[in-house]
Amino acid sequence: KAIGVTSGRAVFHSNLSDVYRSAGRFEEAITAARRAIELAPDSADAFNNLANAHRSHGDSAAAVEAYQRALDIKPGYAEAYSNLGNALMDLERTGEAVAAYRDAVRLQPNFAIAYRKFGTALERDEIPAGERHVGVQPQAIRDFEHFGSGNQALFDQHQQVFKILLENELGCGTAIEDAGECGRA
């Protein structure tokens, strides 16, 4: 019973951290996340919230450490990989950010925000386009192509991501329409 109470308190403090961060009260957010970690040192969510609070407070280096700790605890945590990519981009560590976003979309193929940021990171990365290995499954690319179909502005915003993924992963031309035929044997 005591474990359940402690766990509940940890979740409370972790969520409180997110509320404080959303309100711009970053130091309180960091304190609440640290309290959650004291109560549940194996909580990937608490480390993710601590990292979010650090990043919002302008300390992306501390955020990277906390995101990595969250991923040590929960290696399949796509949101933490995407957040790690954001903090790495803040630090201009673009190559590492590309790898983090790649892991996020590999783990969660329909993670639209991670795809968008992945595309931005690829554009900024200094690896020549022909040498990039994106590491995304062709079906995930085709599925994601339909993400913005109900929102033309969103679709236009992500079109460059699709082109990069199609060109580099599938060896296709630049036309999005080729997605249905690319990668087929």
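For the structure, check the block above.
Scope of this entry: the structure provided in the associated data block. (Residues numbered from 1 in each chain as written. Predicted model: local features only at pLDDT ≥ 70, side-chain atom pairs only at ≥ 80, totals over all residues. Heavy atoms only, no water.)

**Thoughts on unusual backbone geometry**
Test applied: What counts as a helix is a DSSP run of H or I of at least four residues, what counts as a strand is a run of E of at least two, and both are numbered from the N terminus.
Positive phi values are uncommon outside glycine, yet Glu92 reaches one of about 60 degrees. Along the chain, the position of Glu92 falls in the loop between helix H5 (78-90) and helix H6 (94-107).

**Comments concerning the packing of helix H3 (residues 44-56) against H5**
Spelled out, the test is: Interaxial angle, 0 to 180 degrees, is taken between N-to-C directions of lines fitted to C-alpha atoms, where a helix line uses only the stretch in contact. Convention used here: angles under 35 degrees read as roughly parallel, angles over 145 as roughly antiparallel, angles from 65 to 115 as roughly perpendicular, and any remaining angle as oblique. Handedness of a helix crossing follows the sense of rotation of the near helix relative to the far helix, less than a right angle counterclockwise being left-handed and clockwise being right-handed. We call two residues contacting when some pair of their heavy atoms lies within 4.5 Å. Note that Gly is not counted as nonpolar here; it falls among the polar residues with everything else outside the nonpolar set of Ala, Val, Leu, Ile, Met, Phe, Trp, Tyr, Cys and Pro and the charged set of Asp, Glu, Lys and Arg.
The contact between H3 and H5 brings their axes to 11 Å, and the two run at 25 degrees. The angle between H3 and H5 falls in the class roughly parallel. Between H3 and H5 the crossing geometry is left-handed. When H3 is examined against H5, the residues Asn48, Asn52 and Arg55 are found in contact with a partner set consisting of Glu79, Ala80, Asn83, Asn86, Ala87 and Asp90. Split by residue class, the contact of H3 with H5 holds 2 nonpolar, 4 polar and 3 charged.

**Some thoughts on the packing of helix H4 (residues 60-73) against H5**
Following both chains from N to C, one finds H4 and H5 inclined at 160 degrees, their axes separated by 9 Å at the closest point. For the element pair H4 / H5, the angle class is roughly antiparallel. In the packing of H4 onto H5, the handedness of the crossing is left-handed. Along the contact surface, H4 presents Ser60, Ala63, Val64, Tyr67, Gln68, Ala70 and Leu71, while H5 presents Ala80, Tyr81, Asn83, Leu84, Ala87, Leu88 and Asp90. In terms of residue class, the contact of H4 with H5 is made up of 10 nonpolar, 3 polar and 1 charged.

Bear in mind that shape data such as this cannot, by itself, settle questions of function.
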